[in-house]
Amino acid sequence: MHCLGAEYLVSAERAPRQREWRPQIYRKCTDTAWLFLFFLFWTGLVFIMGYSVVAGAAGRLLFGYDSFGNVCGKKNSPVEGAPLSGQDMTLKKHVFFMNSCNLEVKGMRLDRTALCVSSCPEEQLDSLEEVQLFANTSGSFLCVYSLNSSNYTHSPKADSLCPRLPVPPSKSFPLFNRCIPQTPECYSLFASVWINDGDTLHRILSGIMSGRDTILGLCILTLALSLAMMFTFRFITTLLVNIFISLVILGLLFVCGVLWWLYYVYTNDLSIELDTERENMKCVLGFAIVSTGITAVLLVLIFVLRKRIKLTVELFQITNKAISSAPFLLFQPLWTFAILIFFWVLWVAVLLSLGTAGAAQVMEGGQVEYKPLSGIRYMWSYHLIGLIWTSEFILACQQMTIAGAVVTCYFNRSKNDPPDRPILSSLSILFFYHQGTVVKGSFLIPVVRLPRIIVMYMQNALKEQQHGALSRYLFRCCYCCFWCLDKYLLHLNQNAYTTTAINGTDFCTSAKDAFKILSKNSSHFTSINCFGDFIIFLGKVLVVCFTVFGGLMAFNYNRAFQVWAVPLLLVAFFAYLVAHSFLSVFETVLDALFLCFAVDLETNDGSSEKPYFMDQEFLSFVKRSNKLNNARARQDEHSLRNDEGTELQAIAR
């Protein structure tokens, strides 16, 4: 996208001058090379999308397919050299495994014969006569297509062309329409091969789709909780903060208690012989340990910061006053989330198509297998980078839009006459001048996250080794370093976007200027901003706690034939993402407000010649906060002097 207008003139001044930390009198495009790079990158993504549509066959994954190259539930084209391919399977929508109780994994594939049938046998079939009767009454043929149903009991090849007896009762699984055996012994054998050792993508999507109604209900609950949390922060009071913190503590303790109780139930349940039950027990134990650790850390932090509640309430009241100048800021997460959902659905559809892109190969006995095309793994890697980079770009656009609106309202002398349409003004400036800056900032995130993914993958690979303790420890250290760097970059990007909204400078210059001015004035707002962000984080934790608790209760009632670890992780991730999307408005406004405050202190002194842009309420709040910090510093100094018997010298500021 080209930059419209080389300069945005407001006055005739064009001579170079020292930056004054004000919304600029003219703007120009920033980081245009990165915008061009992003355009080229998306050209590659569009090519992959087109290739996946042409070469992929997502229908094979979604609807299932037999061993002879036919997709169930549709009319198929013949495969050269496979006489049983190219059949009309419109009425045969279910995949039936002839030897579902004796599946084996050879190499990286399942050694099985699958057929498309019109219905799954819901009762056990003990003889070929019963198999023949089932075919005649239901129209569902359980033997290979080349054998006519009238010859089931007479053909000498019936033993090899028909399923091994007895045929267990089965039902169709919610996704892929697989006929899943229902007897516990047979299902355990089937699941151990198909779910645990088979296609990981099938396993993940099967777990998701088997609980799709529960997941949908939990997603709606998450949206409702996030909106309620926004309402709480919008009209926050001291009483609401106390109630809110109490709910967080109760929610954390309750979820931990439920997880440990479920683990106790699983260890004493006779159905633990099923593979799915053992898998669920391991997941419950992992969830319980992680949640207990998180709960302990958060409870300590809540205890340490409990005396900051009054200042926190005042801080959010000031933030809400800034939001009142542009109330539509609260609706920004809605369109951002809608765009993200659209992009993620498109990304998953392309991923499924890439996963099924392969060339048909005819094997022994006329069976058909699909060999992955060369270069698919490189496309997957490219596609993964596109997911992270584009998602961060969309979120960064929201951050810069909000920051631009806050900047416009803050640097407005007439507080009683707020500027017209600050959000539209911020969007237009972003769209015409600073998309390259957002692209560059969002690119730094995948640069850090991809090594984290690689390190995590290598760490999991080393778990199987007996003498890799030192290597695993080093990988954990690297993972933690990348995680800290990721969090730092997120904060750096936000300040850089705000500085760009003020000065109209490129990303690197903005990041450097923001770091300098925040370093000079860090004593004024570092502690205030930290516990404000901590309270917002607790809001996200509360949403996740209630959503996960609802998921635990819902999934636990249908656990016998379902590994619900993946659906629960998906629900927890979605809950945090939705809560972050909505509550990040307050975080962004808070960070932008304090950067504007630092700029105000740097360029003004409160005199009649250089009055502050901030209002008296904000200024008095900062003064009270500084008095509190100074009083605590003197108290700490006094305690150290009493302990050591020496007097500390005052630090020059």
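Since this is a predicted model, take the numbers as computed values, not measurements. (Residues numbered from 1 in each chain as written. Predicted model: local features only at pLDDT ≥ 70, side-chain atom pairs only at ≥ 80, totals over all residues. Heavy atoms only, no water.)

## Topic: the state of the cysteines
Then, number 1: Taken as a whole, this structure holds three disulfides when the rule is applied.
Then, number 2: Each disulfide pairs two cysteine sulfurs, and for Cys-120 the partner residue is Cys-179, the sulfurs being separated by 1.9 Å. Taking the torsion about the sulfur-sulfur bond, which here is approximately -80°, the covalent link between Cys-120 and Cys-179 counts as left-handed. Residue Cys-120 is found in the loop between strand S4 (114-117) and helix H3 (128-138), and its partner Cys-179 is found in strand S6 (residues 179-181); the two are separated by 59 residues along the sequence.
Then, number 3: Cys-179 sits in the buried class, given a relative accessible area of 2%. (Disulfide = S-S within 2.5 Å. Helix = DSSP H or I, 4+ residues; strand = E, 2+ residues; numbered from the N terminus. Buried < 20%, exposed > 50% of the residue type's maximum accessible area, 1.4 Å probe, protein only.)

## Focus: the packing of aromatic side chains
Then, number 1: Summed over the entire model, instances satisfying the criterion amount to 15 aromatic pairs.
Then, number 2: Here the aromatic rings of Trp-34 and Phe-443 are separated by 5.1 Å at their centres, their planes lie at 50°, and the arrangement is tilted. In this pair, Trp-34 sits in helix H1 (residues 32-55) while Phe-443 sits in helix H14 (residues 435-462), placing the two residues 409 residues apart along the sequence.
Then, number 3: On the accessibility criterion, Phe-443 (25% relative accessible area) is partly exposed.
Then, number 4: For the ring pair Phe-38 and Phe-393, a centre distance of 5.0 Å and an interplane angle of 40° mean the geometry is tilted. Taken together, the residues span a long stretch of sequence, with Phe-38 in helix H1 and Phe-393 in helix H12 (residues 376-410) at a distance of 355 residues. (Phe/Tyr/Trp six-rings, centres within 6.5 Å; stacked < 30°, edge-to-face > 60°.)

## Focus on the UniProt feature "transmembrane region" (unreviewed entry) in the protein chain
Then, number 1: Under the local residue numbering, the UniProt record ascribes the feature "transmembrane region" (unreviewed entry) to residues 33-54, 215-233, 239-263, 284-305, 334-359, 380-407, 534-555 and 561-579.
Then, number 2: Between the end C-alpha atoms of residues 534-555 there is a gap of 31 Å, over a span that is 100% helix and 0% strand. (UniProt positions renumbered as here; feature names shortened; annotations may be inferred.)

## Some details on the environment of Lys-487
Then, number 1: Following the sequence through the fold, Lys-487 ends up in helix H15 (residues 469-503).
Then, number 2: Classification of Lys-487 by relative accessible area gives partly exposed; the value is 40%.
Then, number 3: Separated by 42 residues in the primary sequence, Lys-487 and Ile-445 have C-alpha atoms spaced 9.4 Å apart.

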